Amino acid sequence: MDLDLARLLARPAETKIVLLVLDGLGGLSHPQTRRTELQTARTPHLNRLAAQSDLGLTVPVAPGVTPGSGPGHLALFGYDPLMFEVGRGVLEAVGIDFALVPEDVAVRGNFCTLARDDAITDRRAGRIATKRAQKLVERLRTIDVGPAIEVFVEPVREHRFVLVLRGPDLDARVSETDPQRLGVAPLRSEPLHPSALATAQAINQFCDGARRQLTDAAPANGLLLRGIAKLPQLPQLEDVWKIQAASAAIYPMYRGLARLAGMTALGRPASFDEQVTALRQHWDAYDYFFVHYKSTDTAGEDGDFDAKVAAIEELDRQLPVLLDLEPDVLGVAGDHATPAILAAHSWHSVPFLLHSPYTRPDPRATFDELSCAHGSLGTFPAAAVMPFLMAHASRLSKYGA
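Chains are numbered independently. Their residues run from 1 in the order of the written sequence. Whole-chain, interface and lining totals are the exception, using all residues; otherwise, since this is a predicted model, local features are given only for residues with pLDDT of at least 70 and side-chain atom pairs are given and counted only at 80 or more. Only hydrogens and water are set aside; all other atoms, that is, all heavy atoms of the structure, feed into the side-chain values.

1. Observations concerning unusual backbone geometry
- In this structure, the amide linkage connecting A218 to the following residue, P219, adopts the cis form with an omega of 10°.
- Mapped onto the secondary structure, P219 falls in the loop between α7 (197–213) and β7 (222–229).
- At D97, a position not held by glycine, the phi torsion is positive, near 65°.
- In this text, helices come from DSSP runs of H or I with a minimum length of four residues, and strands from runs of E with a minimum of two, each type numbered from the N-terminal end. On the secondary structure map, D97 appears in the loop between α5 (88–95) and β3 (105–114).

Structure representation (structure tokens):
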């Protein structure tokens, strides 16, 4: 929905909306069983809900386009991801409460494992423990890229960190150093605009310094930089949709994305139970809640089909505590597909479930790709999730006479 139209139609109401996002939810069939992760998992609560809900498939960005988590979530929040772009570095920085200023260039970093010939053997350094990463970040803070640029390095979670460059006339239009594949060396950053030469040079100086600092730090003896961006200005959810929105996310990136959209972060929960507890404690203060579940994506990216099945089953076991809140409208979505057989994000459409008093359910349905493909919502852009949630919550006025 066009955001100007949303501003025109949106109206306050007393209803409560919950959007539960299972990161990387969509999958592909296992070559032996011909069943996807969702079809393989035992999910009695999700299946019972599916038989009482509208189902469909969402297209995160556009047909055939593989989305990152940022565009995937922006779409679910009602933004056209082709019109509004937020760099991963900004999301990570805002998610850890780093005070970005408009002139800053923020970069998402991964510790990685490099062979003797500098070929990447693990893009995530075995998902090293956060405490180990914190010690390595202290080494990176000693790197100097020149007198005119201030360098900030902050740990995020596990192998992730944030690099922020602060100085005059920095330009984020530079290439990334992460080739996003194994067996090759990290790339050199190149300016994509003449005014970005100094920024590319600073990033390369930082990478050269990091290679020296991390020589003895295997499996985290290298780093990869991507999501290079400056702070954007997103239309705020309260202004567009007339809602008071809050988020309960564990990982900093998703807290950051929610905050940029105008949501209040409900503390720093460390488990799904703590996320639901945060909702319960703030239930009266807000009317839209975003809950993020990461384990499905992690297992998919690791190429571990059984682990992704287990992550789905674990979410299903915990789902009743969320259902006990009795939201007026519940959406269960994914920001993108992460099939375990690809061990990466993919372009495939993603299952979606919408539960409210105003649905047209199929009592034979289950929550999986096949049932959702035949659901009453059909296949639709993920940016339409927000209007669907709002309409079912009686928060959109009639259009026209």
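2. Remarks on the packing of helix α10 (residues 272–281) against helix α12 (residues 305–323)
- Here an angle of 0 to 180 degrees is reported between the N-to-C directions of two axes, which are lines fitted to C-alpha atoms, with helices fitted over the stretch in contact. Between α10 and α12, the shortest axis-to-axis distance is 10 Å and the interhelical angle comes to 15°. Relative to α12, the element α10 lies roughly parallel. By crossing handedness, the relation of α10 to α12 is classed as right-handed. For the pair formed by α10 and α12, the contact residues are F272, D273, V276, L279 and R280 on the first element and L315, Q318, V321 and L322 on the second.
- Each residue receives one of three labels: charged for Asp, Glu, Lys and Arg, nonpolar for Ala, Val, Leu, Ile, Met, Phe, Trp, Tyr, Cys and Pro, and polar for the others, Gly being one of them. Each residue belonging to the contact of α10 with α12 can be placed in one class, and the counts come to six nonpolar, one polar and two charged. Between 65 and 115 degrees an angle is taken as roughly perpendicular, under 35 as roughly parallel, over 145 as roughly antiparallel, and anywhere else as oblique. Two helices crossing with the near one rotated counterclockwise from the far one by less than a right angle form a left-handed crossing, whereas a clockwise rotation gives a right-handed crossing. Residues are treated as being in contact if the distance between any of their heavy atoms lies within 4.5 Å.

3. Points about the sheet that holds strand β2 (residues 54–59)
- The strand order across the open sheet built from eight strands is β9-β8-β10-β1-β11-β12-β2-β13, with neighbouring strands paired in mixed fashion. Each edge of the open sheet is held by one strand with a lone partner, namely β9 (264–265) and β13 (378–381).
- Any two strands between which DSSP finds at least two bridges are classified as paired. Direction of pairing for strand β8 (residues 245–248) relative to strand β10 (residues 288–293): parallel, over a ladder of four bridges. Bridge pairing links A246 to F289 in β10.

4. Quick notes on the pairing of strand β11 (residues 329–333)
- Classification of residues uses two cut-offs on accessible area relative to the type maximum, computed with a 1.4 Å probe and protein chains only: under 20% is buried, over 50% is exposed, and between them is partly exposed. The buried fraction of β11 amounts to five of the five residues, a majority that puts the element mostly inside the structure.
- The alternating pattern of β11 places V329, G331 and A333 on one face and L330 and V332 on the opposite face, and all of these are buried.
- Relative to β11, strand β1 (residues 17–22) runs parallel, the two being bridged by five bridges. Within β11, the residue paired with V18 across the bridge is L330.

5. As for the packing of aromatic side chains
- Working definition: a ring pair exists when centres of Phe, Tyr or Trp rings (six-membered ring for Trp) sit within 6.5 Å. Plane angles under 30 degrees give stacked, over 60 give edge-to-face, the rest tilted. Following the criterion strictly, the structure yields nine aromatic pairs and no others.
- Judged by centre distance (5.4 Å) and plane angle (70°), the ring pair of F98 and F152 falls under edge-to-face. Of the two residues, F98 sits in the loop between α5 and β3 while F152 sits in strand β5 (residues 150–157), which places them 54 residues apart along the sequence. Here the two residues F98 and F152 agree in accessibility, since each one is buried.
- A cation over a ring is seen here: R157 above Y251, with NZ or CZ 4.4 Å from the ring centre. Criterion for a charge above a ring: Lys NZ or Arg CZ within 6 Å of the ring centre, and within 35 degrees of the ring normal.

6. Section: empty space enclosed by the protein
- Every definition here rests on a 1 Å grid over the protein atoms only: cavities are sets of points where a 1.4 Å probe fits but cannot get out, pockets are open sets enclosed by protein on both sides within 12 Å along at least five of seven lines, and lining residues have some atom within 4 Å of a point. Grid points are joined across faces, edges and corners, and a volume is the space filled by probe spheres set on the points. Inspection of every chain in the model, using the stated rule, returns one cavity of 30 Å³ or more.
- Surrounding the largest cavity, R88, E92, R160, Y251, P252, M253, Y254 and K294 form its lining.
- Those elements that provide at least two residues to the lining of the largest cavity are α5 and α9 (252–260).
- For the lining of the largest cavity, the leading source of residues is α9, giving three residues.

7. A look at the environment of G109
- Mapping G109 onto the fold places it in strand β3.
- Looking at G109, the relative accessible area reads 0%, which means it is buried.
- Residues G109 and F161, 52 residues apart in the sequence, show an inter-C-alpha distance of 5.0 Å.
- Beyond its immediate sequence surroundings of up to four residues, G109 is in contact with H159, R160, F161, L224 and L225.

8. A look at the layout of surface pockets
- Counted as a void, the largest pocket has a volume near 950 Å³.
- Surrounding the largest pocket, 42 residues form its lining, G68, R88, Q180, R226 and H345 being those nearest its centre.
- Elements that contribute at least two residues to the lining of the largest pocket include exactly α4 (69–76), α5, β3, β4 (120–122), β7 and α11 (295–301).
- The element best represented in the lining of the largest pocket is β7, accounting for four residues.
- Each residue belonging to the lining of the largest pocket can be placed in one class, and the counts come to 14 nonpolar, twelve polar and 16 charged.

9. Side note on the side chain of S247
- Here S247 lies in strand β8.
- The class of S247 is buried, set by a relative accessible area of 2%.
- Those residues in contact with S247 that sit more than four places away from it in its chain are A258, M263, T264, A265, L266 and F290.

10. Details of the pattern of salt bridges
- Here, a salt bridge means any Lys or Arg side-chain nitrogen found within 4 Å of an Asp or Glu carboxyl oxygen. Enumeration over the complete set of coordinates arrives at 24 salt bridges.
- Where E301 meets R127, a salt bridge forms, and the shortest distance between an N and an O atom there is 3.8 Å. Residue E301 is located in helix α11, and its partner R127 is located in the loop between β4 and α6 (130–140); the two are separated by 174 residues in the primary sequence. For the pair formed by E301 and R127, the shared burial category is buried.
- In this structure, the salt-bridge partner of R188 is D208, at a minimum N-O distance of 2.7 Å. In this pair, R188 sits in the loop between β6 (160–166) and α7 while D208 sits in helix α7, placing the two residues 20 residues apart along the sequence.
- Judged by relative accessible area, which is 43%, R188 ranks as partly exposed.

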